[in-house]
Amino acid sequence: MKNLLTQIKNEWRSNLFLLVELLLVFAVLWYIVDWVTVTARVYHTPMGFDTEHCYNLSFNSLTPKSALYNPAFTAEDDVDALLEIAERLRHRPGVEGVTVSQNCYPYNEGSSGAFFYLQDTICVTAHQIWSDPDFYRVFRYHTVDGGGPDKLAAAISDQTLVVTSNVTDRYPQLNMSDARSLLNKEVSLTYPDRGYHRRIAAIAAPVRSSHFETSNEWGGAFIGHNLNRDALINDLGNVRYAQVSLRVSPDADHDFVDALMEDVDRLYRVGNVYLLDALPFSDIRYVRELEDVNEVKTQLCILFFLMLNIFLGVIGTFWFRTQHRCREVALRMAMGSSRRGVFLRLMGEGLLLLSVAAVPALLIAFNVGIAELVDISKIQFTFERFLIAAVFTWLLMALMIVVGIWYPAYKAMRLQPAEALHDE
């Protein structure tokens, strides 16, 4: 190590340009790697729910143009018909659970909100989960302490709420690290307080609205209200505004939709209400995330092009540099150095140059992060984030240097020492 440092110091004029190049390339590559690692970390973070083997069902009502339409049925009858169909679906072979909700199923682009008041005047607002208790079982939501969906389903009622642990994160004036301290506390739904209270009966784990968003963005924190028959009749008034979702067992999830739709006329039409369609949540997720996927693909193509140029540039620099040291390699071998020793010396010199250049490059990168010139909308810039990108950047550039040195060094070591001495 000492000999390599001495050699690099003695050859500072020829190494200066190389060090500047490595410094600039390292800083730029760190920025690229940081974006890629942040995107990957966000994408692979647990969603907080599970939609595998789940389907979303849509319903509609017959119109007067239909021969089967019965004008005697009211909106109340339609809601009862929807609930009857949902009950029939619960008894269908292979169905593990059925839930009725409104504008809040996973990957839904709806933005319904709910709120309650703390400390009399602070209005806590979050995404609304308006559903029956089976919603938490079907999509396998969990409590923040690791409790299962049954615990959340048992907690929700007309007099209680379910909230996530991060529901108060956007309100620093509350001085709460999270919402767990609100468990079993009553909160007001109005200001001024008119006596409309709900008890927070469970604290759920945060969720995410898509694979490209974090639990800190809209939809990650939610307030869960119970959706009962009266609300379906008085607040919605039309079955088209309600969503029915179900989960099937893995063994039954084969041609499930085709078999279900074959039984629509026989089993799943009650009064004027009928099952219109069934859509797997994989399709709903695809539509929800399509724009984000296309944007990330475009950015990755641009970054891949930049990284390819960086890769070829660094490899070419060390390839050319090593190729012009063939006589030095052969001379060292003639003076008694082994092939392995010469090879390791060349590799060590390249990696040492990288490490020397990485020090000021990392200082630049750290200041770029501190100045928030990187994307902090998903993950805050921390030393951990900085270090992860730094390690991956060093490894990538080390790989480039190794590739750039290996083949020309291998060819140089095949040169006969006598030829090198003759040239000298």
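Structure first, text after, so check above.
Residues numbered from 1 in each chain as written. Predicted model: local features only at pLDDT ≥ 70, side-chain atom pairs only at ≥ 80, totals over all residues. Heavy atoms only, no water.

### Things to note about the overall build of the chain
The condition is simple: Each helix is a run of DSSP H or I of at least 4 residues and each strand a run of E of at least 2, with the numbering of both proceeding from the N terminus. Contact between two residues is taken to exist if any of their heavy atoms lie within 4.5 Å; hydrogens are not considered. Here the open area of atoms and residues is found with the Shrake-Rupley method and a 1.4 Å probe, where only the protein chains shown may cover a residue.
Each helix and strand counted, the chain has 13 helices and eleven strands in total. Considering only contacts in the chain between residues 6 or more positions apart, those separated by 24 or more positions represent 79%. With an accessible surface of roughly 22,200 Å², the chain has 57% of that area assigned to carbon and sulfur atoms.

### Concerning the packing of aromatic side chains
Rules: Here a Phe, Tyr or Trp ring, Trp counted by its six-membered ring, pairs with any other such ring whose centre lies within 6.5 Å, and the pair is stacked when the planes are under 30 degrees apart, edge-to-face when over 60, and tilted otherwise. When a residue's accessible area, from a 1.4 Å probe over protein chains only, is under 20% of the maximum for its type it is buried; when over 50% it is exposed; and in between it is partly exposed.
Enumeration over the complete set of coordinates arrives at 19 aromatic pairs. With a centroid separation of 5.2 Å and 35 degrees between ring planes, the pair formed by Tyr55 and Phe256 is classed as tilted. Within this pair, whereas Tyr55 is found in strand β1 (residues 54-61), its partner Phe256 is found in helix α7 (residues 256-262), the two being separated by 201 residues in sequence. Judged by relative accessible area, Phe256 falls into the buried class, the value being 5%. Ring plane angle 75 degrees and centroid distance 5.7 Å describe the contact between Tyr141 and Phe222, whose orientation is recorded as edge-to-face.

### Some words on the environment of Trp30
What counts is decided by this rule: Any pair of nitrogen or oxygen atoms within 3.5 Å is treated as a polar contact; in protein, a donor-acceptor pairing is required on top of that, and neighbouring residues in sequence qualify only through side-chain atoms on both sides.
Here Trp30 shows up in helix α2 (residues 12-44). On the accessibility criterion, Trp30 (1% relative accessible area) is buried. Along the primary structure Trp30 and Ala389 are separated by 359 residues, whereas in three dimensions their C-alpha atoms are 6.1 Å apart. Setting aside anything within four residues of it in sequence, one finds Trp30 in contact with Ala365, Val374, Phe381, Phe386, Ala389, Ala390 and Thr393. Among the polar contacts made by the side chain of Trp30, one reaches the main-chain carbonyl oxygen of Phe386 at a distance of 3.5 Å.

### So, the packing of helix α3 (residues 75-90) against helix α6 (residues 229-236)
The condition that has to hold: Fitted lines through C-alpha atoms serve as axes, helices being fitted only where they are in contact, and the angles separating the N-to-C directions of these axes extend from 0 to 180 degrees. Put simply, angles under 35 degrees are roughly parallel, angles over 145 are roughly antiparallel, angles from 65 to 115 are roughly perpendicular, and the rest are oblique. Left-handed describes a crossing whose near helix is turned anticlockwise from the far helix through less than a right angle; right-handed describes the clockwise counterpart. All amino acids are sorted into three groups, where Ala, Val, Leu, Ile, Met, Phe, Trp, Tyr, Cys and Pro are nonpolar, Asp, Glu, Lys and Arg are charged, and the leftover types, Gly among them, are polar.
It is the contact of α3 with α6, at a shortest axis distance of 10 Å, that shows an interaxial angle of 135 degrees. Classified by the angle their axes make, α3 and α6 are oblique. With respect to the hand of their crossing, α3 and α6 are arranged in right-handed fashion. The segment α3 lies against α6, with Glu76, Val79, Asp80 and Leu83 engaging Arg229, Leu232 and Ile233. Grouping the constituent residues of the contact of α3 with α6 by class yields four nonpolar, no polar and three charged.

### Digging into α3
Heads up, the condition is: A helix's residues, less one, multiplied by 1.5 Å, set its expected span. The directions from the helix axis to the C-beta atoms form the arc being described.
Taking 1.5 Å per residue as the helical rise, α3 with its 16 residues ought to reach 22 Å, and the 23 Å between its terminal C-alpha atoms agrees with that figure. Among all positions of α3, only Asp78, Val79, Ala81, Leu82, Ile85, Ala86 and Leu89 are buried. The arc that holds the buried residues of α3, viewed along the axis, is 160 degrees, so those residues lie on one side.

### A closer look at α6
The complete set of buried residues in α6 reads Ala231, Leu232, Ile233 and Leu236. Residues of α6 that are buried sit in contact with α3, β2 (95-101) and β4 (122-131). Between the side-chain oxygen of the N-cap and the backbone nitrogen of Asp230 there are 3.3 Å, and the N-cap of α6 in question is Asn228. One or two positions beyond α6, positive phi appears at Gly237, with a value near 80 degrees.

### Observations concerning a nonpolar patch on the surface
To keep it simple, the criterion reads: Each patch groups residues whose relative accessible area exceeds 30% and which form no salt bridge, using 9 Å between like charges and 5 Å between nonpolar side chains of Val, Leu, Ile, Met, Phe, Trp and Tyr. A side-chain nitrogen of Lys or Arg and a carboxyl oxygen of Asp or Glu constitute a salt bridge if their distance falls within 4 Å.
On the surface, a nonpolar cluster with roughly 550 Å² of combined accessible area is contributed by Phe366, Ile370, Phe383, Leu387, Val391 and Leu395. Only α11 (339-370) and α12 (383-413) provide two or more residues apiece to the nonpolar patch. With four residues, the single largest contributor to the nonpolar patch is α12. You can see Val391 is positioned in helix α12.

### Section: unusual backbone geometry
Backbone torsion omega between Tyr191 and Pro192 reads 0 degrees, so that peptide bond is classified as cis. Mapped onto the secondary structure, Pro192 falls in the loop between β6 (186-188) and β7 (197-204). The phi angle at Asp255 is positive, at roughly 55 degrees, despite the residue not being glycine. Within the element layout of this structure, Asp255 appears in the loop between β9 (243-248) and α7. Since its relative accessible area comes to 61%, Asp255 is described here as exposed. Unusually for a residue other than glycine, Glu372 sits at a positive phi of about 60 degrees.

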